[in-house]
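Descriptive structure summary
Residue-level listing of the chains:
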Amino acid sequence: MSEVASFVRGTWTIAVYTWREGMRKKILMAILIFSVLVIAGSNFMTSFLTQVTPVGEIDMQAKQMKDLCVTAISIFGVLITIFISASVVPSEVENKVIYTVLSKPVRRFQYLLGKFAGVQLIVILNLILMTALFFVALYLKERIMPTLLLWSTLLTYFEFLIVSAFTFALSCAATSAVLPTIAGLFIYITGNLTEYLKDVFAKSGQTELWIDKMIGYISLGLYQILPNLQNFSLKNQILYLASNDPPRDILLPNLIAYGLLYAVAGYVMAYWIFRRKEM
Amino acid sequence: MPAVIETQKLTKVYESSFRSQDVRALQDLDLTIDSGEIFGYLGPNGSGKTTTIKLLLGLIFPTSGTMRILGSDDIGAAAVKRRIGYLPEGAYYPDFLRGEEVLRFYGHLYGLGGSDLTRRIDKTIETVGMTGARKRMIRGYSKGMRQRIGLAQALLSDPDLLILDEPTTGLDPIARKEIRDILSNLRDQGKTLLISSHELLEVELISNRVGILYNGVLQTIGTVDELLTQRDVLIHITDPTGGLIAKLNTAGLHVEDATATKMVVRVPENLSVYDALEICRAEKATIQSIAPRRETLEELFVRVVGAAENKTLA
């Protein structure tokens, strides 16, 4: 077998193993089941909320249902992403599986690539499951193909990919999943608030104090460096456009490239930490 | 005979935030293990055995010194790792997999596949005596079965060098014997084995050479025959008289297993057997047998570690 084929087989083996092991984690299954229940029951739940608004009731119900499902996918999806990204490497160090794997002809780069690919398999699979349910629920409600939802899911995945890559990188330096999980939540929240950093810069300098200016420049620097996860959100379009409209005002290839660039940066950071990590 | 493992001045220091709290886990280790040897690597907990193994496998990095494994300086190279099998102490194997699935997973990591891998899995499972349990889930395995499947993953690539960390710890006597038999077979096949263990009897039974490590320093190394040099003589006596024990003790002889009707006198190597016999004859004791007794590895271990400990305290 050639070196390339051997590399691909080894990486894929680690990825599939990571996926199989990850899907057995009880907390992940609990989050997934809860999200499925919320999405599947969204129509039922929103029917109670809209009882007092007879005018345009159906539209309002659909909007609330979309709101609930998009929010559920975002929240539960990111929780699954962060939890699994934060735990795959530390848990293998803890149970010593990593010793037997790295003592085989497996480079550290390859090991990390396999683990990261395994994490992405889990994230993608969960996202597909949640989206499929939402898709069916929305189709049954509106009787039109909600194609906009598919675009939204694609962008949501790239948002999760960025969060996953940096959480994964931090987990390579950690001995347990606790700190990387907290850091992952911080990354997600900060990434969704970067627009505020631009506002801070715009409003800085009004007092002429040096500290005011410095905070402004730091905010601008962070705005330039941190990923803006809001770019990946089509929530408003899902809520206010028809479900089969194409997405508006976005450059899809650019956003995908933007997501991939940050994901690669996160992976490189993970490798840089892991290449000299002592087991 | 070519060296399979060669280390020179190998040192590992685990650094902490404060230099005074640095831990010197291994210090100036000069170790050579030749092809076909079974090397018993002994030492109390925390002596640096596992640190050495992790260094040899590239799981941690040396502070100073050099290593060569299977003639190569690049211990991370795939070509080198393909020729090494490793069984870690207390390793976990995913309990949602079957025994043969675990081996298939590790086989793929070796770059093996297809009929070649299937053939190797069959052979390895047979070698470790797991044919009947190969399709069972790991979660249903006993500790001994898990250890055997661990040994199987280490043997899968038909490695030239096997590194085994505590291969028999925690196993019942039958499982220990089975593992020992497997290792003896591997020795007969010409494999090189590095065995780190606390089970001194096991090591004594199968090793060609042993090294004893204490506090990160190799205290002694040599063949079992070279190291177990202390040879006492045991004199079995019946009908001992009351004054005999006192006289023997005064002469520096050790009385063991004394009862009213019999006892054993151990004559250390530095004392004369004739003097002991003379005392027994004078006391009219009946001598049943006189037999030489070689020091055990356990006694050597206690002696060497004890001396090193005293030296450290002094």
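Only a predicted model underlies this, so the values are computations on that prediction, with no experimental measurement involved.

**Things to note about the confidence of the model for chain A**
The share of residues in chain A with pLDDT of 70 or more is 96%, and the mean pLDDT across the chain is 87. Mean pLDDT across the elements of chain A bottoms out in helix α3 (residues 42-49) of chain A (72) and peaks in helix α12 (residues 252-274) of chain A (95).

**Here we look at unusual backbone geometry**
Located in the positive-phi region is K96 of chain A, a residue other than glycine, with phi close to 70°. Tracing the backbone through its elements, the reader meets K96 of chain A in the loop between α4 (57-94) and α5 (97-102). For K284 of chain B, which is not glycine, the phi torsion reads 60° and is therefore positive. With respect to the secondary-structure elements, K284 of chain B resides in the loop between α10 (273-282) and β13 (286-294).

**Side note on the sheet that holds strand β7 (residues 192-196) of chain B**
Residues and elements named next belong to chain B. Taking strand neighbours across the sheet as the criterion, the six strands line up as β5-β6-β7-β3-β8-β9 in an open arrangement whose pairing is mixed. What marks the edges here is a single partner per strand, and that holds for β5 (84-87) and β9 (217-223). Between one strand axis and the next, the sheet turns by 15° as a mean value, whatever way the strands run. Inspection of the sheet shows strand β8 (residues 209-214) paired to β9 by six bridges, in the antiparallel sense. Within the sheet, the bridge partner assigned to Y214 lies in β9 and is V217.

**Notes on the sheet that holds strand β4 (residues 64-69) of chain B**
Backbone hydrogen bonds are what pair the strands of a sheet, in a parallel or an antiparallel way. All names here are of chain B. The strand order β2-β1-β4 describes an open sheet built from three strands, whose pairing is antiparallel. Two strands in the sheet have a free side with no partner beyond their single neighbour: β2 (23-34) and β4. With strand direction ignored, the average angle separating the axes of adjacent strands in the sheet is 15°. Contacts from helix α1 (residues 49-57) reach β1 (3-14), β2 and β4 within the one sheet, and its direction differs from that of β1 by about 115°.

**Structural notes on the packing of helix α2 (residues 26-40) of chain A against helix α6 (residues 108-142) of chain A**
Residues and elements named next belong to chain A. For the pair α2 and α6, interaxial distance at closest approach is 9 Å and the crossing angle is 20°. It follows that α2 is roughly parallel to α6 by the angle criterion. Seen from above, α2 lies across α6 with right-handed handedness. Counting all contacts with α2, which are made through L28, L32, S35, V36 and I39, the residues of α6 involved are I122, N126, L129, M130, L133 and F134.

**Quick look at the interface of chain A and chain B**
Contacts between the two partners involve 29 residues from chain A, matched on the other side by 35 residues from chain B. Interface of chain A and chain B: buried area, both sides summed, is about 2900 Å²; carbon and sulfur atoms make up 58% of it. Among the residues of chain A in contact with chain B, K104, P105 and E278 of chain A are the three that bury the most area, contributing 21% of the side total. For the interface between chain A and chain B, the tally reads one salt bridge. When residues of the side of chain A that touches chain B are traced back to their parent elements, those giving at least two are α1 (3-22) and α5 of chain A. Top contributing element to the side of chain A that touches chain B by residue count: α1 of chain A, with nine residues. Among the residues making up the side of chain A that touches chain B, the classes are represented as 10 nonpolar, six polar and 13 charged.

**As for a nonpolar patch on the surface**
Residue and element names in this part refer to chain A. There is a patch of nonpolar side chains on the surface, built from V200, L209, W210, I211, M214, I215, I218 and L222 and spanning about 760 Å² of accessible area. The dominant element in the nonpolar patch, judged by the number of residues it contributes, is helix α10 (residues 210-225), at six residues. On the secondary structure map, M214 appears in helix α10. A relative accessible area of 39% means that M214 is categorised as partly exposed.

**Describing the environment of R24 of chain A**
Mapped onto the elements of the fold, R24 of chain A is located in the loop between α1 and α2. Judged by relative accessible area, which is 45%, R24 of chain A ranks as partly exposed. Ignoring any residue separated from it by four or fewer positions in sequence, one finds R24 of chain A in contact with F96 and R139 of chain B.

**A few points about the packing of aromatic side chains**
Note on aromatic pairs: each is described by the distance of the centres and the angle between the planes. Within this structure, the stated rule accounts for 16 aromatic pairs over all chains. On the numbers, 5.0 Å between centres and 70° between planes, the contact of F105 of chain B with Y106 of chain B is edge-to-face. Through pairs of rings, three or more aromatic residues link up here, namely Y17 of chain A together with Y93, F96, F105 and Y106 of chain B. One cation-aromatic arrangement involves R108 of chain A over F274 of chain A; the distance from NZ or CZ to the ring centre is 5.6 Å. Seen from the ring of F61 of chain B, R276 of chain A lies directly overhead, with NZ or CZ sitting 3.8 Å from the centre.

**Quick notes on the domain arrangement of chain B**
As far as domains go, chain B holds domain 1 (3-225) and domain 2 (231-294). In this structure, domain 1 of chain B and domain 2 of chain B have C-alpha centres spaced 44 Å apart.

**Let's talk about the environment of E159 of chain A**
Residues and elements named next belong to chain A. Along the chain, E159 falls in helix α7 (residues 147-171). A residue is classified by how much of its surface remains accessible, and E159, at 6% relative accessible area, is buried. Taking the C-alpha atoms as reference points, E159 and Y262, separated by 103 residues in sequence, lie 9.8 Å from one another. Setting aside chain neighbours within four positions, we find E159 in contact with Y188, N192, L229 and F232.

**A look at the pattern of salt bridges**
Residues and elements named next belong to chain B. According to the stated counting rule, one finds 28 salt bridges over all chains in the structure shown. For the salt bridge of E100 with K135, the shortest nitrogen-to-oxygen distance reads 2.9 Å. On the criterion of sequence distance, the pair formed by E100 in helix α3 (residues 99-109) and K135 in the loop between α4 (114-127) and α5 (143-155) is long-range, its members being 35 residues apart. Among the charged side chains, a network of salt bridges with common partners joins D232, E256, R266, R293 and E299.

**Focus: the packing of helix α9 (residues 194-203) of chain A against α10 of chain A**
What describes two packed helices is the angle between their axes and the distance between those same axes. Residue and element names in this part refer to chain A. Interaxial distance between α9 and α10 falls to 8 Å at its minimum, and their mutual angle equals 150°. Read as a crossing pair, α9 and α10 show a hand that is left-handed. On the side of α9, the interface is formed by T194, E195, L197, K198, V200 and F201, while α10 contributes I215, G216, Y217, S219, L220, L222 and Y223. Taken together, the residues that form the contact of α9 with α10 break down as eight nonpolar, three polar and two charged.

Cut-offs and rules
- Residues numbered from 1 in each chain as written.
- Chains lettered and ligands numbered in written order.
- Predicted model: local features only at pLDDT ≥ 70, side-chain atom pairs only at ≥ 80, totals over all residues.
- Heavy atoms only, no water.
- pLDDT = per-residue confidence, 0-100.
- Helix = DSSP H or I, 4+ residues; strand = E, 2+ residues; numbered from the N terminus.
- Pairing = 2+ DSSP bridges.
- Axes fitted to C-alpha atoms, helices over the stretch in contact; angles between N-to-C directions.
- Contact = heavy atoms within 4.5 Å.
- Parallel < 35°, antiparallel > 145°, perpendicular 65-115°, else oblique.
- Left-handed = near helix turned anticlockwise from the far one by under 90°.
- Buried area = accessible area lost by both parts, 1.4 Å probe.
- Salt bridge = Lys/Arg side-chain N within 4 Å of Asp/Glu carboxyl O.
- Nonpolar A, V, L, I, M, F, W, Y, C, P; charged D, E, K, R; others polar.
- Patch = residues over 30% accessible without salt bridge, like charges linked within 9 Å, V, L, I, M, F, W, Y side chains within 5 Å.
- Areas by Shrake-Rupley, 256 points an atom, 1.4 Å probe, with all protein chains shown as cover.
- Buried < 20%, exposed > 50% of the residue type's maximum accessible area, 1.4 Å probe, protein only.
- Phe/Tyr/Trp six-rings, centres within 6.5 Å; stacked < 30°, edge-to-face > 60°.
- Lys NZ or Arg CZ within 6 Å of the ring centre and 35° of its normal.
- Domains from an automatic or database assignment.

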